[in-house]
Amino acid sequence: MGLAAVAVVATVASVWRWLRPVARDVDQPVVEFYLDPPDATMSFVAHLALSPDGRRLVAEVDTDEGRVLYQRMLDARDWRIIPGTEGAYDPFFSPDGEWLGFFSSREGAIKRVPVEGGSAQTIAQVDWISGASWGPDNSVVFSTVERASGVPTAGLFRVSADGGVPERLTTPDIALGEAAHVQPHYLPSGEVVLFMAHGRQPVVAALSLESGTVSRLTPGMAPRSDRAGRVVYVTSEGVAVAQTFNPRTLALEGSPRPIAEGIASGSGLLYAASYTVSSDGSLAYLSEPDRGDQLLLVSREGETRVLFSPGGGSRLWTPRFSPSGDRIAFVRDEDVWVYSLAEGTAQRLSFEGPSTDPAWTTDGRSIGYSVAGEGDGSFATLLLRAADGTGSAEQILVGDDELWQMDFAPGDSEVVIYSMFDVFRASLGSDSGPVPLMETEYFVEHPTLSPDGRWLAYKSNESGINEVYVRSYPDMGSPTVVSIGGGSAPAWSADGSEIFYWGRSWGVPLDPNPVLTVVDLIGSALAGDTQIMAASVRYDGSRVTVVERAELFRAGSFQRHWNRNYDVHPNRQEFVMVGGTETRVVWRVNALASER
């Protein structure tokens, strides 16, 4: 990988044309550039880090050899790889800017390395993190998962940057619907840690390290701050706002002030924003795509053609073929749409508010989807509507927690539902409510029924990494491992003879002793080259046997989502994927200067 791996177009301007007009008493230069190289890509929601002085930007970049960290100086045009950061995620700077911390997916550890590269040192061994921050007292606060309670929750922990045993700082409040405390960020003074409380909606919170008091401040995600004490966070609309924060009362003061718009961000389990703020008040972020996402039809050999390109910066996800293969249900921004392959047109289906995760009934006549309720905005209601858009939507289930990823069983009288890392089944038209299928201490996601309704494929991290498994349904017999060395997002072929999944290419089918890698909570990152894989299966009574695993095509150039972001045509020869996003990095210097 040379410097040519990253193509950069940079312009410098004094006014950011997409910002709302604001009064400024200093010049605020902007550097804009694309990351669209031929052999390296940036994820739509990727992690960035600015040095404390705002002069050096570090970004996660995917290459043919795996994910690595690149850096770029404000006054330079070239990106340079940081040696020693192979397999790195979640970069963060030391307060003096001399060191860079990160999570190593290859070693399952938080590491530190000199900013110019060199020998990486281990800070702590952990399975996974969701954000980390280096404080002025030389400690690192990070988020990771605690499984000892039997309920997987992610809290904040602290450890010396020189290494040691982490100590717990926070535990999510289950009574408030919290599942995780993530994305911690030290105030430059070191007395308070900001973080995001993840529950039915993302909430910015603050922890006093002296008293242990936690204050929940405002809806928002990915809180950051500068040395002047202003807090910055991102709204659900992708707007970064700055607001005065009082560290003594742990309260926001005054009104939030927009400082940047169009920041790439995720929802659902992600609730992440691709931006960073330096101590001196500079801001860098990935913009929303210029062109918008596209639905792509991809052959088993990887040949690709565009099906649907709405433009206007639209985001698309979770496409699903109809049982006949002539239509595709998908999410466009916050609504469910249906695309006709024969007519080449798309029709909006949902009108009830933010909607997600469409699923076809097995007869192909209707589509179920999750809709956000009023108030807390949680996706706890499942609706069903005719696929041709006629009639009104029918409410089929309301849950106590978020309901995602439903899958209809043959006959369409029963559904399998994913909710908060557990899997349930529910009979439609019954008042009995969802019945647990899998309640474990592990993270279970992506449940999907076989066409005959006798088997359930899903992703779990019970082995220490994410793998695809199959169990008999509904008795949930012993599991069969489908993937090797990492896998997620399984999908069945229409005849049940193959299970497709997003996995790691090892080059040798049925390798019994692969080198394992650690993947993150939602399975959106597999170290090394990622492939769409096909596992041929045979059924032996109450067991499934994997006959062969074959890699089909490289998947790194297609968009991921926390849910399965692709589907298989009934002919088994074609896939619908999401791609076509152009990502721009915006680096706004002294973004908070006008607040001073």
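Scroll up to find the structure this text is about.
Report follows, based on the coordinates. As the structure is a computational prediction, the values presented were derived from the model and not from experiment.

As a further point, take the overall build of the protein. A tally of helices and strands in the protein yields zero helices and 50 strands. Counting across all 596 residues of the protein, residues that qualify as buried make up 60%. In the protein, once contacts between residues fewer than 6 apart in sequence are set aside, the share between residues at least 24 apart is 48%. Put simply, the protein shows about 22100 Å² of open surface, and 48% of that area lies on carbon and sulfur atoms.

This part takes up the sheet that holds strand β29 (residues 327–332). The antiparallel open sheet is built from four strands, whose spatial order is β28-β29-β30-β31. Each edge of the open sheet carries a strand with a single partner, namely β28 (316–321) and β31 (345–348). On average, adjacent strands in this sheet sit at an angle of 25 degrees to one another, irrespective of strand direction. Alignment of β28 against β29, held across four bridges, turns out to be antiparallel. Across the sheet, the residue bridging to W317 is V331, located in β29.

The strand order across the open sheet built from four strands is β20-β21-β22-β23, with neighbouring strands paired in antiparallel fashion. Among the strands making up the open sheet, the edge pair consists of β20 (221–225) and β23 (251–260). On average, each strand axis in the sheet is inclined to that of its neighbour by 25 degrees, with strand direction left out of account. Relative to β23, strand β22 (residues 240–246) is paired through six bridges, and the arrangement is antiparallel. Note on β23: the bridge partner recorded for T244 is E253.

Bringing the pairing of strand β19 (residues 214–219) into the picture now. For a regular strand, the rule is simple: side chains alternate between the two faces of the sheet. In this sheet, β19 lies alongside strand β18 (residues 202–208) in antiparallel orientation, the contact comprising five bridges. In the strand pairing of β19, A205 is matched with R216. Counted along the chain from β18 to the antiparallel partner β19, the turn is five residues long, and its residue G212 has a positive phi close to 80 degrees.

A cis geometry characterises the amide bond from Y473 onward to P474, with omega recorded as 5 degrees. You will see that D357, though not glycine, has its phi angle at about 55 degrees, which is positive. The residue D357 is located in strand β32 (residues 355–360) in this model. Exposure remark for D357: the relative accessible area of 3% places this residue in the buried category. Of note in this structure, D412 is not a glycine but carries a positive phi near 60 degrees.

What follows is about the packing of aromatic side chains. If you walk through the whole model with that rule in mind, you get 11 aromatic pairs. An angle of 55 degrees between the planes, with centres 5.6 Å apart, marks the rings of F308 and F330 as tilted. Residue F308 is located in strand β27 (residues 304–308), and its partner F330 is located in strand β29; the two are separated by 22 residues in the primary sequence. Per residue, the accessibility class of F308 equals that of F330, and both read buried.

The next point concerns the pattern of salt bridges. Following the criterion strictly, the structure yields 16 salt bridges and no others. We note a salt bridge from E178 to R216, for which the minimum N-O separation is 2.5 Å. Residue E178 is found in the loop between β15 (167–168) and β16 (180–186), and its partner R216 is found in strand β19; the two are separated by 38 residues along the sequence. Relative accessible area serves as the criterion here: at 34%, R216 is assigned to the partly exposed category.

Our next topic: the environment of N138. With respect to the helices, strands and loops of the structure, N138 is situated in the loop between β12 (132–134) and β13 (139–146). Residues N138 and S160 lie 22 residues apart in sequence; the distance between their C-alpha atoms is 6.2 Å.

Conventions used here
- Residues numbered from 1 in each chain as written.
- Predicted model: local features only at pLDDT ≥ 70, side-chain atom pairs only at ≥ 80, totals over all residues.
- Heavy atoms only, no water.
- Helix = DSSP H or I, 4+ residues; strand = E, 2+ residues; numbered from the N terminus.
- Buried < 20%, exposed > 50% of the residue type's maximum accessible area, 1.4 Å probe, protein only.
- Contact = heavy atoms within 4.5 Å.
- Areas by Shrake-Rupley, 256 points an atom, 1.4 Å probe, with all protein chains shown as cover.
- Pairing = 2+ DSSP bridges.
- Axes fitted to C-alpha atoms, helices over the stretch in contact; angles between N-to-C directions.
- Phe/Tyr/Trp six-rings, centres within 6.5 Å; stacked < 30°, edge-to-face > 60°.
- Salt bridge = Lys/Arg side-chain N within 4 Å of Asp/Glu carboxyl O.

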